[in-house]
Amino acid sequence: MYGIQIERILKYKYQTAAKRDEANILEAVNEAFLGYYRNPDTFNPEKFTLLSFLIVAADRDLQNILMKEKKHLNRKDLPEDVELQEKFWNTTIKPQSSTDDTIQIEEAMIAIQNLLGDLFTNDRDITLAWMILAVERDTELYIELLDINSLTVAEQRVEVKKHKDRIKKVLERNDVENRIKNLLK
C-alpha cells in the first residue's frame, strides 16, 4: 500500500534519476521495505508513522544507490592488455563529466533537503513540505503520514488543512520558492 506513495514522492524528489532509470527508485523502495522486514526494531512508532519511516529509509537507500552509480559512471575502464597501454598506470583518473546536469540537479535536491531540514524540526514536517512543494493533492497521503485515520472524515480534513497551512506559512515566510528557483539556476 505504501510502496506506490513512496515511489511517487521519490520520483518527484529525484526527477532526473527517475527519468534516467526508474529501476533505481523501485530498488530503493524495495530496500526500505526489506530493511524494515529484516530489522523491525529500527522503527519507533512514537517518533514516526510507518509511512514517514519508510520514506526516510527509501530516500536514504536511493541516495546510496545513486552514489554507487555515480562512482561507477566516473570510473575509467581498465585496459584489458596493460602492455598495449604502457603509460596507463601513470595517468590521472578524472571524472568524465563533472558538470553533468544530473549531478547538479541531485546536488540541488540535497541543498533543498538541507534547507527544509533547517526550517523544520522533524522528518514528518520535512516530508509534508516535500509533498506540498510537489503539489501533492491526495488527501489520503497526508492522512497516512499524519496518522490520523482514527478521526472522522471532517476532522481529518481539518487536521490536514491545519498542517498544510502551517507548512505553507513556513515556506512562504522563508521565501523557499524563490530560494529553490535560485538553487536550480
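Here, the structure is the one placed above.
Quick notes on the rules
Residues numbered from 1 in each chain as written. Predicted model: local features only at pLDDT ≥ 70, side-chain atom pairs only at ≥ 80, totals over all residues. Heavy atoms only, no water. Helix = DSSP H or I, 4+ residues; strand = E, 2+ residues; numbered from the N terminus. Buried < 20%, exposed > 50% of the residue type's maximum accessible area, 1.4 Å probe, protein only. Contact = heavy atoms within 4.5 Å. Areas by Shrake-Rupley, 256 points an atom, 1.4 Å probe, with all protein chains shown as cover. Core = buried A, V, L, I, M, F, W, Y, C linked by side-chain atoms within 4.5 Å.

## Quick look at the overall build of the protein
Scanning the protein for helices and strands turns up nine helices and zero strands. When its helices and strands are written in sequence order, the protein yields α-α-α-α-α-α-α-α-α. When burial is assessed residue by residue, the protein has 37% of its 185 residues classed as buried. Within the protein, residue pairs in contact and separated by at least 24 positions form 58% of the contacts whose partners lie at least 6 positions apart. Carbon and sulfur atoms make up 50% of the accessible area of the protein, which amounts to about 12,300 Å² in all.

## Let's talk about the nonpolar core
Counting residues in hydrophobic clusters, the biggest one holds 43 residues, and the most contacted among them are Ile6, Leu10, Leu62, Leu116, Phe120, Ile167 and Leu171. If one sorts the elements of this core by residue count, helix α4 (residues 50-73) sits on top with nine residues. Setting aside residues no more than four positions away along its own chain, Ile167 makes contact with Phe120, Asp125, Leu128, Ala129 and Ile132.

## Digging into the environment of Leu115
Mapped onto the fold, Leu115 is located in helix α5 (residues 101-119). The class of Leu115 is buried, set by a relative accessible area of 8%. Through-space distance from the C-alpha of Leu115 to that of Val176 is 8.3 Å; in sequence the pair is 61 residues apart. Leaving out residues up to four positions away in the same chain, Leu115 has contacts with Val176 and Arg179.

Coordinates in, geometry out; function isn't part of it.
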